[in-house]
Amino acid sequence: MGTHLPSTEFDGTAVDDQREADAEAVMGEPAAQMVQLLGPDGKLGADPVFSDYADKLTPEHLRGLYADMAAIRRFDVEATALQRQGQLALWVPLTGQEAAQIGSGRASQPQDYIFPTYREHGVALTRNVDLAELLRQFRGVSNGGWNPRDTNFHLYTLVLAAQTLHAVGYAMGIQRDQKFAAAANGAGKQPDAAVIAYFGDGASSEGDVHESMVFASSYKAPVVFFCQNNHWAISVPTNVQTRVPLSNRAKGYGFPGIRVDGNDVIAVHAVTEWALEHARQGKGPVLIEAFTYRVGAHTTADDPTKYRQSAEEDAWRAKDPLARLEKYLRAEGLADDTFFAKVKADGDELAAYVRRTAHDIENPDIRQAFAKVYKEAHPLVAEELAWFEEYSAGFAGEEESAGHAAKAGH
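Residue positions are counted from 1 within each chain, in the order its sequence is given. The predicted nature of this model means local features are confined to residues of pLDDT at least 70 and side-chain atom pairs, given and counted, to a pLDDT of 80 or more, with totals for whole chains, interfaces and linings taken over all residues. Only hydrogens and water are set aside when side-chain values are computed; all heavy atoms of the structure are taken into account.

Test applied: UniProt positions are given in the numbering used here, feature names are shortened, and annotations may be inferred rather than shown by experiment.
The name given to the protein chain in an unreviewed UniProt entry is Pyruvate dehydrogenase E1 component subunit alpha, with the source organism recorded as Arthrobacter liuii. Taken verbatim from the UniProt record of the protein chain, the Cofactor (unreviewed entry) comment is "thiamine diphosphate".

Digging into the sheet that holds strand S2 (residues 195-200)
Heads up, the condition is: Strand pairing follows a simple DSSP-based rule, namely that at least 2 bridges must link the two strands. Strands here are runs of E lasting at least two residues and helices are runs of H or I lasting at least four, both read from the DSSP assignment and numbered beginning at the N terminus. For helices, the fitted line uses only the C-alpha atoms of the stretch in contact; every axis is such a line through C-alpha atoms, and the angle between N-to-C directions lies from 0 to 180 degrees. Working rule for contacts: check all heavy atoms of both residues, and any pair within 4.5 Å makes them a contact.
Across the sheet, 5 strands lie side by side as S1-S2-S3-S7-S6; this open sheet has parallel pairing. In this open sheet, the two edge strands, each paired with only one partner strand, are strand S1 (113-115) and strand S6 (257-261). The sheet shows a mean angle of 20 degrees between the axes of neighbouring strands, taken without regard to direction. Relative to S2, S1 is paired through 3 bridges, and the arrangement is parallel. Within the sheet, the bridge partner assigned to Phe115 lies in S2 and is Ala197. Contacts between helix H9 (residues 207-218) and the sheet are confined to S2, strand S3 (223-229) and strand S7 (286-291), with S3 contributing the most and set at about 150 degrees to the helix.

Observations regarding the pattern of salt bridges
Note the following rule: For salt bridges, the criterion is a side-chain nitrogen of Lys or Arg within 4 Å of an Asp or Glu carboxyl oxygen. Buried, partly exposed and exposed residues are distinguished by accessible area as a fraction of the type maximum, computed with a 1.4 Å probe on protein chains only: under 20%, between the cut-offs, and over 50%, respectively.
Under the counting rule described, the total for this entry stands at 20 salt bridges. As a salt-bridge pair, Arg73 and Asp320 come within 2.7 Å of each other at their nearest N and O atoms. Of the two residues, Arg73 is situated in helix H3 (residues 59-84) and Asp320 in the loop between helix H13 (310-317) and helix H14 (321-331); the sequence distance between them amounts to 247 residues. Each of the two residues, Arg73 as well as Asp320, counts as buried. Between Glu78 and Arg74 there is a salt bridge, with the nearest N and O atoms lying 3.1 Å from each other. With Glu78 and Arg74 both in helix H3, this residue pair falls 4 residues apart, about one helical turn. Its relative accessible area of 8% is what places Glu78 among the buried residues. Classification of Arg74 by relative accessible area gives partly exposed; the value is 26%. What you see here is one network of salt bridges that share partners, running through Arg74, Glu78, Lys344, Asp348 and Arg355.

As for the packing of helix H6 (residues 131-139) against helix H15 (residues 337-360)
For clarity, the threshold we go by: Orientation categories follow fixed angle ranges, with anything under 35 degrees roughly parallel, anything over 145 roughly antiparallel, 65 to 115 roughly perpendicular, and all other angles oblique. By definition, any crossing whose near helix is turned counterclockwise from its far helix by less than a right angle is left-handed, and any crossing with a clockwise turn is right-handed. By the convention adopted, Pro, Cys, Tyr, Trp, Phe, Met, Ile, Leu, Val and Ala count as nonpolar, Lys, Arg, Asp and Glu as charged, and the other residues, Gly among them, as polar.
It is at 9 Å that the axes of H6 and H15 come closest, and there the two elements cross at 40 degrees. Here H15 runs oblique to H6, going by the angle between their axes. Regarding H6 and H15, the two cross each other, and that crossing is right-handed. Across the interface between the two elements, Leu131, Ala132, Leu135 and Arg139 of H6 pack against Leu350, Tyr353, Val354, Thr357 and Ala358 of H15. Considering only residue class, the contact of H6 with H15 consists of 7 nonpolar, 1 polar and 1 charged.

Here's the deal with the environment of Gly252
For Gly252, the position within the fold is in helix H11 (residues 250-253). Look at Gly252 and you get exposed, because its relative accessible area is 71%. Each C-alpha atom, one on Gly252 and one on Val214, is 9.4 Å from the other, the two residues being 38 residues apart in sequence.

Quick word on a nonpolar patch on the surface
Applicable threshold: The patches reported here contain residues having more than 30% relative accessible area and no salt bridge. Joining distances are 9 Å for like charges and 5 Å for nonpolar side chains (Val, Leu, Ile, Met, Phe, Trp, Tyr). Where accessible areas are quoted, they stem from the Shrake-Rupley method and a 1.4 Å probe; at the residue level, only the protein chains shown are allowed to cover.
A cluster of nonpolar residues, Val214, Phe215 and Tyr219, forms a patch on the protein surface that exposes about 280 Å² of accessible area. With respect to the helices, strands and loops of the structure, Tyr219 is situated in the loop between H9 and S3.

Digging into the pairing of S6
What counts, and what does not: The handedness of a crossover follows from its direction of travel: if, with the strands pointing away from the viewer, the path from the first strand over the helix to the second runs clockwise, the crossover is right-handed.
The element S6 is extensively covered by neighbouring structure, given that 4 of its 5 residues are classed as buried. Two elements, S6 and S7, share 5 bridges in a ladder whose sense is parallel. Bridged to Arg259 within S7 is Glu289. Traced from S6 through helix H12 (residues 265-280) to S7, the parallel crossover comes out right-handed.

Structure (structure tokens):
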């Protein structure tokens, strides 16, 4: 009698051909062109799927997208300056990635939940987070700075890719809430919602991303994985991390993957709107690869001149997301000098507000950090606090002497 090998769950059935076909219909072959509607020359093209979504953007919407991108760029410049002046311990710039963040953020709906990394300042703006509150975490005076329940915008995650797991778990929770509501004949049913998980090309190499996509696919979780491929994981270029477009990885999990021009805010908005609809309708996850570029440093502790050429940066500056939309708005007569002057003035006003707020932030008593380690008093923490008190007392005399010396100098 011959040996019979264990059968798989797919024996005698098609290996989910329809699901793969659905993915192929959206992402095409591996060499498919990325979705681009607004080119660097400011001319609007067409796409058989996503132009219908772009057509829903009114002139007011388009002006709003430009104003948002300009505001977050001005904020980014101001926050970088504050870090250089010692007001922040660190800052994570986003310049160059405005379209990827504003386009995707504005495509979301209030009931959707957002899981950011640590660079999604533009998405925070679209979710009505007070931008000045972002600075508290980078000042080191808060574990977050805002209440996620107020805006459905989660706290920044500094551990690479950890938020992708959180996002899938949250999305699976949404599924269960919907099932309970359906079982109760719709009682307590909320608007259909989806989750967006942001991460970068560097984080895509983390095992957490793989595991989160496995679970999302297996349970058809309503989640959109939004990868901002800015070409550099600190000093490691994308071509070292992957031999194929990152969007093609979705095929291995059995859901759609789309590469979009991350500097084209119209295309990003259209693709993200489609993906969120797909997820909310119970069709499962989508991977979006926003093909963009980090023009500045990874953080203010980084020096990109050590690992990339200035010519590369110049080439991407020619694809600037704000410049291309401005060209289009002017060419179509949708915005004039008065509009752009107001946008600049509003940006300066935002920067002034952020600066005032940063200077007014009070440093909390560090002793509170010891008090919140455990719910109840702990002898080891008490011992460490006593050491800290003794250590700090050693500087009291030096500060007093410095004060006397300063007065004597006058």
